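Residue-level structure breakdown
One letter stands for each residue in the lines below.
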Amino acid sequence: MRTPIIAGNWKMNKTIEEAIHIVNEIKNSLIEDVETVVCVPFTSLKEVKKELAGTKLKLGAQNMHWEESGAFTGEISPLMLKEIGVDYVIIGHSERRQYFNETDETVNKKIKAALKHNIIPIVCVGETLEQREANMENEIVKAQIVKAFEDIEAEEMANIVVAYEPIWAIGTGKTATKEEANDMISFIRKTIMDKYDKEISDKIRIQYGGSVKPSNISEIMEQSDIDGALVGGASLKPDEFIKLISF
Ligand code: PGA
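The following refers to the structure shown. (Residues numbered from 1 in each chain as written. Predicted model: local features only at pLDDT ≥ 70, side-chain atom pairs only at ≥ 80, totals over all residues. Heavy atoms only, no water.)

Some thoughts on the sheet that holds strand S4 (residues 88-91)
Which entries qualify depends on this criterion: At least two bridges found by DSSP between two strands is the condition for calling them paired. Helix and strand labels come from DSSP, where a helix needs a run of H or I of at least four residues and a strand needs a run of E of at least two; each type is numbered from the N terminus. Axis angles are defined between N-to-C directions and span 0 to 180 degrees, where every axis is a line fitted to C-alpha atoms and, for a helix, only to the segment in contact.
Judged by pairing direction, the barrel is parallel, and its eight strands sit side by side in the order S1-S2-S3-S4-S5-S6-S7-S8 before closing back on the first. Strand-to-strand twist of the sheet, defined as the mean angle between neighbouring strand axes without regard to direction, takes the value 25°. As judged from the four bridges shared by S4 and strand S5 (residues 120-125), these two strands associate in the parallel manner. Its bridge partner being in S5, Tyr88 is matched across the sheet by Ile120.

Points about the pattern of salt bridges
Rule in force here: Should a side-chain nitrogen of Lys or Arg be within 4 Å of a carboxyl oxygen of Asp or Glu, the pair is scored as a salt bridge. Each residue's exposure class comes from its accessible area (1.4 Å probe, protein chains only) as a fraction of the maximum for that residue type: buried when under 20%, exposed when over 50%, partly exposed otherwise.
Across all of its chains, the model carries 20 salt bridges by this definition. Across the pair Glu35 and Lys58 runs a salt bridge whose closest N-O atoms are separated by 2.8 Å. Taken together, the residues Glu35 in strand S2 (residues 35-39) and Lys58 in strand S3 (residues 58-61) connect sequence positions 23 residues apart. On the basis of relative accessible area, Glu35 is assigned to the buried category, the value being 14%. Judged by its relative accessible area of 28%, Lys58 falls in the partly exposed class. Note that Lys112 and Asp151 form a salt bridge whose closest N and O atoms lie 3.8 Å from each other. With Lys112 in helix H5 (residues 104-116) and Asp151 in the loop between helix H7 (137-148) and strand S6 (161-164), the pair connects residues that are 39 residues apart, well separated along the chain. Overall, Lys112 belongs to the partly exposed group, its relative accessible area being 32%.

A few points about the site of the ligand
So the rule is basically this: The nearness test applies per residue and asks whether one of its heavy atoms lies within 4 Å of the molecule or strand. Here a polar contact is taken to be a pair of N or O atoms separated by no more than 3.5 Å, where protein atoms must pair a possible hydrogen donor with a possible acceptor and residues adjacent in sequence count only if both atoms sit in side chains. To measure how exposed things are, a 1.4 Å probe is used in the Shrake-Rupley method; for residues, cover is taken only from the protein chains shown. Amino acids are sorted into nonpolar (Ala, Val, Leu, Ile, Met, Phe, Trp, Tyr, Cys and Pro), charged (Asp, Glu, Lys and Arg) and polar (every other residue, Gly among them).
Near the ligand, the surroundings consist of 13 residues, among which Lys11, His93, Glu165, Gly171 and Ser211 are the closest. In this structure, an oxygen atom belonging to the ligand sits 2.7 Å away from a side-chain N or O atom of His93. Gly171 has a polar backbone atom sitting 2.7 Å from an oxygen atom of the ligand. Bound to the protein, the ligand loses 94% of the 280 Å² it would expose on its own. Among the residues forming the shell around the ligand, the class breakdown is four nonpolar, seven polar and two charged.

What to know about unusual backbone geometry
A positive phi is found at Lys11, a non-glycine position, where the angle reads about 55°. Looking at the element boundaries, Lys11 is found in the loop between strand S1 (5-9) and helix H1 (16-26). Backbone geometry places Asn135, a non-glycine residue, at a positive phi of 60°. The class for Asn135 is exposed, based on a relative accessible area of 65%.

Details of the pairing of S1
What counts, and what does not: Here is how to tell: hold the view so the strands point away, follow the path from the first strand over the helix to the second, and if it runs clockwise the crossover is right-handed.
Among the five residues that make up S1, five are buried, leaving the element largely enclosed by the rest of the structure. What you see with S1 is no split at all: Ile5, Ala7 and Asn9 on one side and Ile6 and Gly8 on the other are buried throughout. The pairing of S1 with S2 spans five bridges and is classified as parallel. Residue Ala7 lies in a different strand from S2, and its bridge partner there is Val37. In terms of handedness, the path from S1 via H1 over to S2 forms a crossover that is right-handed.

A word on the packing of H1 against helix H11 (residues 238-245)
This is how the line gets drawn: Any angle that falls under 35 degrees is termed roughly parallel, while one over 145 is termed roughly antiparallel, one within 65 to 115 roughly perpendicular, and all others oblique. Left-handed is the label given to a crossing in which the near helix is rotated counterclockwise from the far helix by less than a right angle, and right-handed is the label when the rotation is clockwise. In what follows, a contact means two residues having at least one pair of non-hydrogen atoms within 4.5 Å.
Packing of H1 against H11 leaves a shortest axis separation of 9 Å and a crossing angle of 40°. One finds that H1 runs oblique with respect to H11. Of the two elements, H1 crosses H11, and the hand of that crossing is right-handed. Note on element contacts: H11 touches H1 through Pro238, Phe241 and Ile242, opposite Ile22, Glu25 and Ile26. Here the residues of the contact of H1 with H11 are counted per class, giving five nonpolar, no polar and one charged.

Digging into helix H2 (residues 45-52)
What counts, and what does not: What the arc describes is the spread of directions from the helix axis to the C-beta atoms.
Those residues of H2 not exposed but buried are Leu45, Val48 and Leu52. An end-on view of H2 places all buried positions within 70° of arc, on one side of the element. When the buried face of H2 is taken as reference, the exposed residues oriented beyond 90 degrees from it are Lys46 and Lys50. Buried positions along H2 lie against H1, S2, S3 and helix H3 (78-84). Looking one or two residues beyond H2, the residue adopting positive phi is Gly54, at roughly 80°.

Spelled out as structure tokens, the structure:
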């Protein structure tokens, strides 16, 4: 049995004060057996961590550098996240690939760094609309998965979460159909089985992301291969996020 995991990706939203308010709204509405994560901006991590003490709500960052320290102006290292007590880190979100030159190679380095520091990476993959219209989505996502997990040992795969986020569905209000999402996620599972084995591919948790909201979460979570959701917009509103985790 794979434990469902719902993660909010706040992106570049909310001040520290607003972040504290939101987590206090949601931290007492958690659901047993649903792992819940908030991926907040770097500036709010430390204060949010304090608010989460004694609750099961987990803390995530949205990116990090792969080096532990050095001349990388503006970057945040795994050691810095570890010091705060961050549990998860989103790696390779399409907005980072699109606007900040994130590549499959840097994604791979960041995953290795996260694993080394016991931070669970939420590894994002997904195709553009043009790629889907050209029927290239499987090829594109397979290549992203293979490169992301290059030189990652089988036993490390237990500490990884994958998020399939078709780029055309992010922030557009246009969700993939439940069949499109489940088909791709079972294809990702098969790609992982081909590289590792069935035990690993059966265990790894794979989320869907892209315009997930209270009105579509149940049908998404009913799918055989989908283990959770990575949620942008709807995670910023406590009442909506509470509805999502109680799918
Ligand atoms: P969205 O974002 O839910 O606003 O579409 C999802 C994401 O980018 O992780």
